Amino acid sequence: SLNLTPNKPFSGVSSFNLNFDVKFNWIGDSFLGYVFRIIANDSLSFDLNTNNWNRSLNVVLCSQDKAEQSRTYNFTDNINNGEWVNVDVSFIDDSIVYVIGGIKGVIPNKYRYEKSDNINVYFGANKHKLFYTTDVSPVTIRNIRITDLDKKETLGLWEMERHAQNVVYDSVAYKPATLNNG
């Protein structure tokens, strides 16, 4: 699992983009899991998870007590075959726009992100007090970029090449992201 915001959440960002490459590794009994979870103000999460049992991707927007919006898509050939797939998610005004390996979609976001939001980004499991999960999707991740769309500024780029034992650093501001494989 990977926590991009172990020391401090992103803040002061209202429109932003998360972009990365992912390879799905379908081995063993790993059927259900989170690819990523973005949490805003400890009250809202946006998730991409997989269900290998049903061969589907699930995109879900959740408040603290329920799923507000969700979409389910069947796996495409590039996901089934374990090829590198690009994921691009933009939080713009009252919408979340995403493209996952050629699958395009929009989810209305009535909550909107405000500039005061604290945004935490997790891949796999996390220990967040309200959105905790231990379910990890069997994936390999690379080239994670978070961009402030208003300022057109890269906030972090984790290429997953420079790392220590349990830490990987972004190449923009040397921000750490913590790794936990247990």
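Up top is the structure these notes are about.
Worth saying up front: this structure is predicted, and the values here are computed from it rather than measured.

Enquirer: Help me understand the environment of Gly 12 in this model?
Expert: Structurally, the position occupied by Gly 12 is in the loop between strand S2 (10-11) and strand S3 (16-24). Each C-alpha atom of the pair Gly 12 and Asp 148 lies 9.4 Å from the other, and the pair is 136 residues apart in sequence.

Enquirer: Looking at this structure, how should I read the pairing of strand S15 (residues 176-179)?
Expert: The side chains of a regular strand alternate between both faces of the sheet. Here strand S1 (residues 2-3) runs beside S15; their pairing, made up of 2 bridges, is antiparallel. Looking at S15, one finds that Leu 2 is bridged to Leu 179. By the bridge criterion, 3 bridges tie strand S14 (residues 167-169) to S15 in an arrangement that is antiparallel. Directly across from Val 167, in S15, lies its bridge partner Thr 178.

Enquirer: Would you mind going over the sheet that holds strand S9 (residues 95-100) with me for this structure?
Expert: Within a sheet, neighbouring strands are paired by backbone hydrogen bonds and run either parallel or antiparallel to one another. The sheet built from 6 strands is open, its strands ordered S10-S9-S8-S3-S12-S13 with antiparallel pairing. One side of each edge strand has no neighbouring strand; the edge strands of this open sheet are strand S10 (103-108) and strand S13 (153-158). Along the sheet, successive strands turn relative to each other by an average axial angle of 15 degrees, direction set aside. Across 5 bridges, the pairing between strand S12 (residues 139-148) and S13 is antiparallel. Within S13, the position partnered with Ile 146 by the bridge is Gly 156.

Enquirer: Help me out: how do you make sense of a nonpolar patch on the surface in this one?
Expert: The grouping of Ile 92, Val 97 and Val 106 at the surface amounts to a nonpolar patch, some 200 Å² of accessible area in total. With respect to the helices, strands and loops of the structure, Val 97 is situated in strand S9.

Enquirer: I'm lost on the packing of aromatic side chains in this one. Help?
Expert: Here the distance between the centres and the angle between the planes together describe a pair of aromatic rings. By the definition in use, this model includes 8 aromatic pairs. An angle of 90 degrees between the planes, with centres 5.0 Å apart, marks the rings of Phe 20 and Phe 123 as edge-to-face. With Phe 20 in strand S3 and Phe 123 in strand S11 (residues 118-123), the pair connects residues that are 103 residues apart, well separated along the chain. For Phe 20, a relative accessible area of 0% gives the class buried. Owing to a relative accessible area of 3%, Phe 123 belongs among the buried residues under this scheme. Their ring planes at 5 degrees and their centres at 4.2 Å tell us that Tyr 169 and Tyr 174 sit as a pair that is stacked. A network of ring pairs unites the aromatic residues Phe 16, Phe 20, Phe 36, Phe 46, Phe 91 and Phe 123 as a single cluster. Above the face of the Trp 84 ring, Arg 142 is positioned so that its terminal group lies 3.8 Å from the ring centre.

Parameters and conventions
Residues numbered from 1 in each chain as written. Predicted model: local features only at pLDDT ≥ 70, side-chain atom pairs only at ≥ 80, totals over all residues. Heavy atoms only, no water. Helix = DSSP H or I, 4+ residues; strand = E, 2+ residues; numbered from the N terminus. Pairing = 2+ DSSP bridges. Axes fitted to C-alpha atoms, helices over the stretch in contact; angles between N-to-C directions. Patch = residues over 30% accessible without salt bridge, like charges linked within 9 Å, V, L, I, M, F, W, Y side chains within 5 Å. Areas by Shrake-Rupley, 256 points an atom, 1.4 Å probe, with all protein chains shown as cover. Salt bridge = Lys/Arg side-chain N within 4 Å of Asp/Glu carboxyl O. Phe/Tyr/Trp six-rings, centres within 6.5 Å; stacked < 30°, edge-to-face > 60°. Buried < 20%, exposed > 50% of the residue type's maximum accessible area, 1.4 Å probe, protein only. Lys NZ or Arg CZ within 6 Å of the ring centre and 35° of its normal.

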